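# Secondary and tertiary structure notes
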Amino acid sequence: MGVDTARANCQRWERLALCSSWTTSHPAGLRVNMLRARPEVLVLLGVLLSLLLDPTGGQDSLSLTWEVQRYDGWFNNLRHHERGAAGSRLQRLVPANYADGVYQALEEPLLPNPRRLSNAATRGSSGRPSGRNRTVLGVFFGYHVLSDLVSVEKSGCPAEFLNIHIPPGDPVFDRDHSGDVVLPFQRSHWDPETGQSPSNPRDLTNEVTGWLDGSAIYGSSHSWSDELRSFSGGQLASGPDPAFPRAAQAPLLMWMPPDPTTGRRGPRGLYAFGAERGNRDPFLQALGLLWFRYHNLWAQKLARRYPLWGDEELFQHARKRVIATYQNIAMYEWLPSFLQQTPPNYTEYRPFLDPSISPEFLAASEQFFSTMVPPGVYMRNASCHFQMVLNESFGSSPALRVCNSYWIRENPNLNSSQAVNQLLLGMASQISELEDNIVVEDLRDYWPGPGKFSRTDYVASSIQRGRDMGLPSYSQALQALGLNTPGNWSDLNPNVDPQVLEATAALYNQDLSRLELLPGGLLESHGDPGPLFSTIVLDQFVRLRDGDRYWFENSRNGLFSPDEIAEIRSTTLRDVVVAVTNVDPDTLQPNVFIWQDGAPCPQPQQLTTGDLPPCVPLTEIHYFEGSGPGFGITIVALCCLPLVSLLISGVVAYFRGRERKKLQRRGKESVKKEPASDGVSAMEWPGPRERSYPVTIQLLPDRRLQVVDRRLSVLRTIQLQPPQQVNLILSSNRRCRTLLLKIPKEYDLVLLFNSQEERGAFVQHLRGFCENWALGLDMAEMSEYELFRKAVTKEQRQRILEIFFRHLFAQVLDINQVDAGTLLLDSSQKVREALTCELSRAEFAESLGLKPQDMFVESMFSLADKDGNGYLSFREFLDVLVVFMKGSPEDKSRLMFTMYDLDGNGFLSKDEFFTMMRSFIEISNNCLTKTQLAEVVESMFRESGFQDKQELTWEDFHFMLRDHDSELRRTQLCVRGGGGGVGDIFKPNISSRVSFITRTSEERSCPQGVGLPASKAPELGGPGLKKRFGKKAGVPPPRLYTEALQEKMQRGFLAQKLQQYKRFVENYRRHIVCVAVFSAICAGLFVERAYYYAFASPPSGIAQTTFVGIILSRGTAASVSFMFSYILLTMCRNLITFLRETFLNRYVPFDAAVDFHRWIAMAAVVLAILHSAGHVVNVYIFSVSPLSLLACIFPSVFVNDGSKLPQKFYWWFFQTVPGMTGVLLLLVLAIMYVFASHHFRRRSFRGFWLTHHLYILLYVLLIIHGSFALIQLPRFHIYFLVPALIYMGDKLVSLSRKKVEIGVVKAQLLPSGVTHLEFQRPQGFEYKSGQWVRIACLALGTNEYHPFTLTSAPHEETLSLHIRAAGPWTTRLREIYSLPTGDSCAKYPKLYLDGPFGEGHQEWHKFEVSVLVGGGIGVTPFASILKDLVFKSSLGSQMLCKKIYFIWVTRTQRQFEWLADIIREVEENDCQDLVSVHIYITQLAEKFDLRTTMLYICERHFQKVLNRSLFTGLRSITHFGRPPFERFFNSLQEVHPKVQKIGVFSCGPPGMTKNVEKACQLINQQDQAHFVHHYENF
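We now turn to the structure provided with this report.

What counts, and where the lines are drawn
- Residues numbered from 1 in each chain as written.
- Predicted model: local features only at pLDDT ≥ 70, side-chain atom pairs only at ≥ 80, totals over all residues.
- Heavy atoms only, no water.
- Helix = DSSP H or I, 4+ residues; strand = E, 2+ residues; numbered from the N terminus.
- Buried < 20%, exposed > 50% of the residue type's maximum accessible area, 1.4 Å probe, protein only.
- Contact = heavy atoms within 4.5 Å.
- Expected span 1.5 Å × (residues − 1).
- Arc of directions from axis to C-beta.
- Axes fitted to C-alpha atoms, helices over the stretch in contact; angles between N-to-C directions.
- Parallel < 35°, antiparallel > 145°, perpendicular 65-115°, else oblique.
- Nonpolar A, V, L, I, M, F, W, Y, C, P; charged D, E, K, R; others polar.
- Salt bridge = Lys/Arg side-chain N within 4 Å of Asp/Glu carboxyl O.
- Patch = residues over 30% accessible without salt bridge, like charges linked within 9 Å, V, L, I, M, F, W, Y side chains within 5 Å.
- Areas by Shrake-Rupley, 256 points an atom, 1.4 Å probe, with all protein chains shown as cover.
- Pairing = 2+ DSSP bridges.
- Disulfide = S-S within 2.5 Å.

To continue, consider the overall build of the protein. Secondary structure assignment for the protein yields 56 helices and 31 strands. A total of 1578 residues make up the protein; the buried ones form 55% of that total. Long-range contacts, defined here as pairs at least 24 residues apart, represent 75% of the contacts in the protein between residues at least 6 apart.

For helix 49 (residues 1255–1267), spanning 13 residues, the distance from its first C-alpha to its last is 18 Å, which sits close to the expected 18 Å at 1.5 Å a residue. Here helix 49 has its buried residues at Leu1258, Tyr1259, Leu1261, Leu1262 and His1265. Down the axis, helix 49 shows its buried residues gathered within 160° of arc, on one side only.

Here helix 6 (residues 136–149) crosses helix 12 (residues 417–429) at 110°, and the two axes come no closer than 5 Å. Judged on the interaxial angle alone, helix 12 and helix 6 are roughly perpendicular. On helix 12, the residues touching Val136, Leu137 and Phe140 of helix 6 are Leu424, Met427 and Ala428. Taken together, the residues that form the contact of helix 6 with helix 12 break down as 6 nonpolar, no polar and no charged.

It is worth spelling out the pattern of salt bridges at this point. All told, the structure shown has 40 salt bridges when counted by the stated rule. Among the salt bridges present, the one from glutamate 553 reaches arginine 569, with a minimum N-O distance of 3.2 Å. Within this pair, whereas glutamate 553 is found in the loop between helix 18 (531–546) and helix 19 (562–569), its partner arginine 569 is found in helix 19, the two being separated by 16 residues in sequence. Of the residues examined, glutamate 553 reaches a relative accessible area of 14% and is grouped as buried. When its relative accessible area of 40% is taken as the criterion, arginine 569 is described as partly exposed. For arginine 1089, the salt bridge is made with glutamate 1088, and the minimal N-O distance between the two is 2.8 Å. What makes arginine 1089 buried here is its relative accessible area of 7%. The network of salt bridges with common partners includes Arg115, Asp170, Arg444, Asp445 and Asp457.

Moving on, we come to a nonpolar patch on the surface. On the surface, a nonpolar cluster with roughly 460 Å² of combined accessible area is contributed by Val1217, Ile1256, Leu1257, Val1260, Ile1264 and Phe1268. As for its placement among the helices and strands, isoleucine 1256 is situated in helix 49. For isoleucine 1256, a relative accessible area of 48% translates into the label partly exposed.

Of the two faces of strand 29 (residues 1517–1520), the one lined by Ile1517 and His1519 and the one lined by Thr1518 and Phe1520 are each fully buried. In the sheet, strand 28 (residues 1475–1481) pairs with strand 29 via 4 bridges, with the strands oriented parallel. Bridged to isoleucine 1479 within strand 29 is threonine 1518.

On inspection of all chains with the given rule, the structure shows 3 disulfides. Bridging cysteine 157 to cysteine 1192, the disulfide has an S-S length of 1.9 Å. Of note, the bridge from cysteine 157 to cysteine 1192 carries an S-S torsion of about -80° and is left-handed in sense. Here cysteine 157, found in the loop between helix 6 and strand 1 (164–165), pairs with cysteine 1192, found in helix 44 (residues 1187–1193); they are 1035 residues apart in sequence, far enough to count as distant. Covalent S-S linkage joins cysteine 403 and cysteine 615, the inter-sulfur distance amounting to 2.0 Å. Handedness here is read from the sign of the S-S torsion; for cysteine 403 and cysteine 615, about -100°, the answer is left-handed. One end of the pair, cysteine 403, is in the loop between strand 6 (400–401) and helix 12; the other, cysteine 615, is in the loop between helix 20 (573–581) and helix 21 (628–639), with 212 residues separating them in the sequence. For the pair shown, cysteine 403 and cysteine 615 are each scored as buried.

A word on the sheet that holds strand 21 (residues 1314–1320). Taken together, the 3 strands give an open sheet; going across it, the order is 20-21-24, and neighbouring strands pair in antiparallel fashion. Edge positions in the sheet fall to strand 20 (1304–1310) and strand 24 (1358–1364), since each of these pairs with one other strand and no more. Taken over all neighbouring pairs, the strand axes of this sheet differ in orientation by 15° on average, direction set aside. Pairing of strand 20 with strand 21 involves 6 bridges; the strand directions are antiparallel. Its bridge partner being in strand 21, leucine 1309 is matched across the sheet by threonine 1315.

What follows covers helix 23 (residues 756–772). In a regular helix each residue adds 1.5 Å, so 17 residues correspond to 24 Å; helix 23 covers 24 Å between its end C-alpha atoms and thus fits that length. Of all the positions in helix 23, only Arg759, Phe762, Val763, Leu766, Phe769 and Cys770 are classed as buried. On an axial view of helix 23, the arc spanned by its buried residues comes to 125°, and they lie on one face. Counted as exposed and oriented over 90 degrees from the buried face of helix 23: Glu757, Gln764, Glu771 and Asn772.

With that out of the way, let us pick up unusual backbone geometry. The omega angle of the peptide bond from glutamate 108 to proline 109 is 5°, so this bond is cis rather than trans. By the secondary structure assignment, proline 109 is in the loop between helix 4 (39–52) and helix 5 (114–122). In the segment running from cysteine 157 into proline 158, the intervening peptide bond is cis, with an omega of 0°. Here proline 158 lies in the loop between helix 6 and strand 1. Even without glycine at this site, arginine 734 takes up a positive phi of about 55°. For arginine 734, a relative accessible area of 61% puts it in the exposed group. For cysteine 736, which is not glycine, the phi dihedral falls at a positive 50°. Within the fold, cysteine 736 resides in the loop between strand 13 (725–731) and strand 14 (738–742).

The next thing to look at is the sheet that holds strand 14. Backbone hydrogen bonds are what pair the strands of a sheet, in a parallel or an antiparallel way. With respect to topology, 8 strands assemble into an open sheet ordered 12-11-10-9-15-14-13-16, the strand pairing being mixed. At either end of the open sheet lies a strand with only one pairing partner, and these are strand 12 (714–719) and strand 16 (776–782). Pairwise comparison of adjacent strand axes, ignoring direction, gives a mean angle of 30° for this sheet. Here 4 bridges tie strand 14 to strand 15 (residues 749–752), and the two strands are oriented antiparallel to one another. Residue leucine 740 lies in a different strand from strand 15, and its bridge partner there is valine 750. The strands touched by helix 23 are strand 9 (680–684), strand 10 (693–700), strand 11 (704–708), strand 13, strand 14, strand 15 and strand 16; relative to strand 13, the strand with the most contacts, the crossing angle is about 170°.

Written out as structure tokens, the structure is:
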């Protein structure tokens, strides 16, 4: 009960800021508030607190009739509560001496190098005994008293360093003469309220209580004391051995650096003491154990005397008695032996006396103790036997070597209470070193080092500590304390070696006024502390005694009775040692601090370094040693995350592609081919550096040798005709399984069989085939290597044909021989070989881009093959080509007439004319049926007046083509040739083939190049809109448009670029402003955070540690947080759809939300990479930074207890929450970005859908990543909260719609893989033409949503979509909506709908003239727009839009026949001629030769006669090729000269929309109508 109540009381008073755990961490704030109160109130408050504070735990308070002293030193002085408290500042005796008067320490060159000064002033030999016979026990008791009074070893934050530069060639620290050894020295913790001005210089803080209150025994805080207690019988907690405390462990912050001798680390072998550094060496440990056991001894004695007392009473009474004994010994026994003078008698408590510890006292006491420390310490037993001690690698020695005993773990010589007793007895009998300026090497050269150094110089470090504290000079201190100052260096101390004085004076440039307090105090001391040190120490102890309200002699504090005081005054340290060790008192001298002649157990001899084992030398730890490869591998692995994601995406795309092909094959009717019964399987060798593939060789009855692949697709056909000679070459080695088949005028066929037997069977089969058809067969043998070299491969044949075609065109077009192509050195031989070669039917068909079995190929080849040998020679091909290239229209028409005069009777019958037209139709994938074609033939005969004729003469045939001389004049034979350069010849003529917006018969009848005046042009589509006349259909010279505008463009290159820039800004001003504002915010956040952490952050030292890393990581973190937060707004589709209807659409380009989403994502990932790079720099720097530095930067993570090396890099990456979440974030980003790429998204939308839902995990990781607060408080929520709430609200709106099932009314499977779905219109569903929705179908087994544009108009009662089967999802959707045969009543699977959502196409009605460009399935938004336009115009609605040009770009007119139905409906309802439709069939884009010319003639004829297109059945004009957007837009400027802005809306493949964008940009360079382009890609 006592324990629980005591802790409850502590918690109660801690809430009142009275317990030490709060006051230690917040002393300044508490001190300021208390100092502001009135003194009377403070006195009353102190009395009340003393009366109310009940440390007895609520038990019988009569046993604690006195006020219990606090552990943290607070409220000792009731007027100045903070005096002597843990965490209070040191109180100077002399004004501070800083370089700037505030906080900057004096350094070189103003003061000497501390290591040089140490060597000059304190180096010397050991073995000289104390002049006063002071014992070693007194020396280390002094260190124990000092640890009870003051501790300034805690490093300050931010970390500041006064590193000690070691002179080159130092025998201890720079044995390699490198000259770059620097011993780190970190400045101590200071009071943050000081160091702000010369009147308020920096003061260090004392981390322990500044009273002689046993804090080295009980700790300096209530929590520390609780950890030391057992809470049983009033005793301190012991370990397994009751004579020893429990081991040092958390939460006690015991100092636990590694053993500099062995490098061992950890708490094992270290004990829990009240002093943080109580385990520094066995000698301090022994004294700590002494007082530990003395307390427990008193607790046991009191428990026996007062059996009814509880734990708290026993503990506090024992503690009170131990502290009083400790005070008495330190003040009245140890101090006189140390100073050789007795302090004045105690009179009374003096509350107005400031007892605070001075920095001068710390320096004086520490330095004087250091001169008395011997190189070793004896151990003896009670019978005066001085024992040999064991050393780990040196055997036995007469004493413990001091330098090898620092922070020793599990010392074999001190593993029992008896051994500790022997060490105490040994120290009491051993005489210390002489009190002079010499410090033994165990301290001066082998003191425990900081950080990565195992050793340092104690004297040099003390000098640096003095400079850190701003200690005055020696002369200033003497003057301030009223002591005599020496006149010169020799007056310091006559007992000091003159050489030492000379060396020291030389370091100070003979200026005695610059001599520092520490070396000056040492030099003046000999035998006893000098006047300065004695004055400082005595003054401090007297102030401590007289200013301590809890001093044991103060009869007014109620602690002790006069008898108890007398008993305490008579207690000596000898009594304590005897009581604890139970030794005979006669084995110790009365005063254990002085050894006098005749005292028991004299030491064997004064120890020297030669009698002891050597000190283990300095070792340096390289923090990053061995971590380089792992660090590099980790960075490479992190960089490879995108590559791994890319690999995974490739695998997923591969399997999705296979699935897609399976679905496509399943949807097609499989056509089975019967394999030939006489086929022989083999592997064809195509040539070097190419892989062989399996083929089947078929010898067909019509003298054809056919090569087919596994799918029985014909790869090659060779027509054999007698008396052709077939050469067969067989390999004679390497299993004899290869053969080479050479046939004249063909490239060679190389076959590899599985065995010689299979090859022999084929040879026999081939021999019989040749004999049957009277073909010659010549057989030979050679090695396989020679066979491969001799073979003429297809690639070699192609090179020959390339030369063939180059020289062919060089002769036809009179091209210079050099321009025909660059030839090799042996060009003459290759030219002869090329010109003598002949083309096979297959090669001829390939050169025309057709199939060998096409009728056109048959007819043309038969006409050109004059000798009928089945091959075309150079001359035969040249004769045909000359006609097409240079012939007149009559020559070309006669050539066509001859080609299709199949019976050669000089007449072209209707059937032959029909056959000719069929051969032309083949190139457009048979776009017309036989009925349609027959109708075309009849109409052409009828139009020409030949309806009664069954046969045509050439004159009749040419008359039929009378209106198309210009087309025939341009007619060519489009030959691909064998290489680049040939096709470029025809490009100018191809471009001139495309017709423009001209449409009426009047326009076509106008002479070429002549136009009507604009004033005579009839009105079209409403007032103010003009239509251009005068350009002949299909042949609009681009000169007419460019020349008319050329005069307006009389400007230089710079002016054109400026105009282009102005138009670009005008077109994208909203985009530019939004991107600029967003970028400015991101840049501002980056700069603000970077500046803050570089110059304005709270002083933690992180900017000085990793400047580049911190500003890069923190700046990018702010920008990335903002970006990843507000990127959510770009996906709020419902909000965007709403806002685009408001005035905000004038300023914000809501239609570019997806593009802005991508832009933010790319910018964010770049910044995320930079953020990661910054953290890589940070991790490396943190991995090589000392723990003291990391404890300043990360106080919540690291505690500087000296026990740990810096964490390895992998700890930062994989064992911290920010590190692990950062790695996971990189992985998530790599997956999301790779799977969201355009390339992958087209191959596996489901993969994109699933991986993009990782955004939830992304934000969870982002929140966790920033919430750990390693460096700063969480800030991500500042950016994330508002966008997240908006996004969640938008999602809830979508979810409310997604839950509603929508029935499909009609499903229709259309050609080209298009599925037409018509479904119910949800109640309240309002949309505009051009908008889109997202649908899901759970019948597919997935809930993923796909976007599609509505093809229905807003006035229709149902909604409709046209979905092309482009991927697995759309293919499977097509399957489930295909009705089984005979099941007309089946119910269709239901859909889930989300939308509608707005886009740029719905802005079509805001322009007076709009151009709609649709490519492929991209025409879907325009279907809705066209129907909506016609409906509104039929109602007489007032619209700004007066004219729409719809350009439909399609591969064939059959690709999207459903759109033709919509266009037909539009044409029927368009009474005001609002819509002008132009259809471009691109399948013939590069075939404007004889065949295309005939198709063009037929199309114009059909349109002229029936006013509709031959191919589409529409009144719309059909063009062959790709639309020339630039010229088309140019012509619009003339047709509508008064229109200032023309809207262009395109949807289709990226290549098409880019061409539209490029054309708009080029036209916008002019000063006419401005084209505003909106586009969507699919």
